[in-house]
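# Commentary on secondary and tertiary structure
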Amino acid sequence: MNQLKLLISFALIIHIQVFSQQKKSICQTADDPSRIVSIGSSITEIIYFLNSQDQIIAIDITSNFPEDAKKFPSVGYIRNLSAEGLLSTNPSIIISEDDIGPKNIIKQIQDTKTELRIIPEEQTLNGIIQKIQCVGNIIGQQQEAEEKISSEINPVINKIKEIKKEKDLSNIKIMMILSTEGNSTVVAGANTSGDSFIKMLGATNIFESINGWKAVTAETILLKNPDYIIIPEKDLHKQSNVNTISENVILKETNAGKNNGYIIKDGMAILGYGPRTIFTLMDVLNTITDNN
């Protein structure tokens, strides 16, 4: 038994070392970061955050912040790209979030020897810092990244930690709605970016028992009875107007509905896991603690 434990421990250490080495390789400075195709809202946001937007030549359609980013040519949707469309922009490097797709385009791009960096996603406060550092390293802005983290990110994170230390929010029940779908509502279950956001708040996701973004019935919502309902302002999933959800007759019967506990924020600010997610988390945390 002891030998088995030792073997498991050894295998785990090797796995961590290999993952760390791969991550280091992904984040090393690019040979030429002068012509970047930025894929994913958080990547574009970070490049702007590091004042390096003059290195961008094209973006994907999720990269809609800041407003100025919309001036760049679009290569399509992050999960449905074409190698031809990406390469037609003549990039020196393509930097992407890790849900780039379809998967076969990765090999197609790599076969052309065009530099492609796919940034690992960790949906935590520390994960966002690591993503900023990684992008900063890739584009040759290591010092700018560290200065921005120190002056703008860490003070907010420290405040978040102070608030959570002073006030236990684990009894606050939250539901995150992505969209409405007929008579049901699509909500954030476990293993979703929405669930990660709720966990960062220190609150309870009332639908953590389901997996993924799933449709639930009005009766189930009433039974779970959320204290707050977070609604991404942008429609990221189905064709529905999330801003009208607060008028839903069923939702009005929940604690959130009775106490106007609707929190409506920009979708990518909540779910993009770039710098704005930290600032949005702070705003939401203030809203909840001010009312409890």
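Residues numbered from 1 in each chain as written. Predicted model: local features only at pLDDT ≥ 70, side-chain atom pairs only at ≥ 80, totals over all residues. Heavy atoms only, no water.

## Some words on the overall build of the chain
Defined as follows: Working definition: helices are DSSP H or I runs of at least four residues, strands are E runs of at least two. Numbering for both runs from the N terminus. Only protein chains enter the accessibility calculation, which uses a 1.4 Å probe; a residue whose area is less than 20% of its type maximum is buried, one above 50% is exposed, and one in between is partly exposed. Residues are treated as being in contact if the distance between any of their heavy atoms lies within 4.5 Å. Per-residue and other accessible areas were derived by the Shrake-Rupley procedure at a 1.4 Å probe size, with only the shown protein chains allowed to occlude residues.
Helices and strands together make up the secondary structure of the chain, namely 11 helices and 10 strands. Across the 292 residues that make up the chain, the buried fraction comes to 49%. For the chain, the share of sequence-separated contacts (at least 6 apart) that also reach a separation of at least 24 residues comes to 63%. Roughly 14400 Å² of accessible area belongs to the chain as shown, and the carbon and sulfur atoms make up 50% of that amount.

## Observations regarding unusual backbone geometry
With an omega of -5 degrees, the peptide bond running from Phe65 to Pro66 counts as cis. Residue position: Pro66 is located in the loop between strand E2 (56-59) and helix H3 (83-87). A cis amide bond links Gly101 to the next residue, Pro102, at an omega of -5 degrees. Here Pro102 lies in the loop between strand E3 (93-97) and helix H4 (104-111). One non-glycine residue, Asn225, adopts positive backbone phi at about 50 degrees. With respect to the helices and strands, Asn225 occurs in the loop between helix H8 (218-224) and strand E9 (228-232).

## Side note on the packing of aromatic side chains
Our working definition: Two rings belonging to Phe, Tyr or Trp (six-membered ring only in the last case) form a pair when the distance between their centres is within 6.5 Å. Interplanar angles under 30 degrees mark stacking, angles over 60 mark edge-to-face geometry, and anything in between is tilted. Two limits define a charge over a ring: the Lys NZ or Arg CZ must be within 6 Å of the ring centre, and within 35 degrees of the ring normal.
Counted according to the given criterion, the structure contains 0 aromatic pairs. One Lys or Arg, Lys148, reaches over the ring of Phe49 and ends 4.9 Å from the middle of that ring. Taking the ring centre of Phe65 as reference, the NZ or CZ of Arg276 above it sits at 3.8 Å.

## Section: the nonpolar core
Our working definition: Think of a nonpolar core as a cluster: buried Ala, Val, Leu, Ile, Met, Phe, Trp, Tyr and Cys residues, connected wherever their side-chain atoms sit within 4.5 Å.
With 55 residues, the main nonpolar core has Ile132, Ile174, Phe197, Leu201, Ile230 and Ile288 as its most contacted residues. With residues near it in sequence (within four places) discarded, Phe197 still touches Met176, Ile230, Ile270, Tyr273, Thr277, Thr280, Leu281 and Val284. If you look at the next biggest cluster of nonpolar residues, it comprises 15 residues, including Val37, Ile57, Ile94 and Ile105.

## Thoughts on the sheet that holds strand E1 (residues 36-39)
Spelled out, the test is: At least two bridges found by DSSP between two strands is the condition for calling them paired. Geometry is summarised by axes, namely lines fitted to C-alpha atoms with helices restricted to the contacting stretch, and by angles between N-to-C directions that run from 0 to 180 degrees.
Within the open sheet, the 4 strands sit side by side as E2-E1-E3-E4. Their pairing is parallel. In this open sheet, the two edge strands, each paired with only one partner strand, are E2 and strand E4 (115-119). Put simply, the sheet's adjacent strands are angled 20 degrees from each other on average, direction ignored. Alignment of E1 against E2, held across 3 bridges, turns out to be parallel. Within E2, the position partnered with Ile36 by the bridge is Ile56. Those strands touched by helix H5 (residues 125-138) are E3 and E4, and its axis lies near 170 degrees from that of E4.

## Digging into the state of the cysteines
To keep it simple, the criterion reads: By disulfide we mean two sulfur atoms from cysteines, separated by a distance within 2.5 Å.
Applying the stated criterion to the full structure yields 1 disulfide. Between Cys27 and Cys134 runs a disulfide, and the two sulfur atoms are separated by 2.0 Å. Between Cys27 and Cys134, the disulfide has an S-S torsion of -100 degrees and is therefore left-handed. Placement of the pair is Cys27 in the loop between helix H1 (2-26) and E1 and Cys134 in helix H5, with a sequence separation of 107 residues. By relative accessible area, which is 3% here, Cys134 ends up buried.

## Comments concerning the confidence of the model for the chain
As a reminder of what qualifies: What pLDDT expresses is the predictor's confidence in each residue, scored from 0 to 100.
Per-residue pLDDT for the chain has a mean of 88; in total, 87% of the residues score no lower than 70. Within the model, pLDDT remains below 50 along residues 9-22, and this stretch shows 0 contacts once partners closer than five positions in the same chain are excluded. Scored below 50 in pLDDT, residues 235-240 makes 15 contacts in the model with residues more than four places away or belonging to other chains.

## Points about the packing of helix H6 (residues 142-166) against helix H11 (residues 275-290)
Cut-off, in case you're wondering: If an angle is under 35 degrees, it is roughly parallel; if it is over 145, roughly antiparallel; if it lies from 65 to 115, roughly perpendicular; otherwise it is oblique. Helix crossings get a hand from a simple test, with the near helix turned counterclockwise from the far one by less than a right angle marking a left-handed crossing and a clockwise turn marking a right-handed one. By the convention adopted, Pro, Cys, Tyr, Trp, Phe, Met, Ile, Leu, Val and Ala count as nonpolar, Lys, Arg, Asp and Glu as charged, and the other residues, Gly among them, as polar.
Relative orientation of the contacting elements H6 and H11 amounts to 30 degrees, with a least axis distance of 10 Å. As judged from the angle between their axes, H6 and H11 are roughly parallel. Relative to H11, the crossing made by H6 is left-handed. Of the residues in H11, those touching H6 at Glu152, Ile153, Val156, Ile157, Lys159, Ile160, Ile163 and Lys164 are Pro275, Ile278, Phe279, Leu281, Met282, Leu285, Asn286 and Thr289. In terms of residue class, the contact of H6 with H11 is built from 11 nonpolar, 2 polar and 3 charged.

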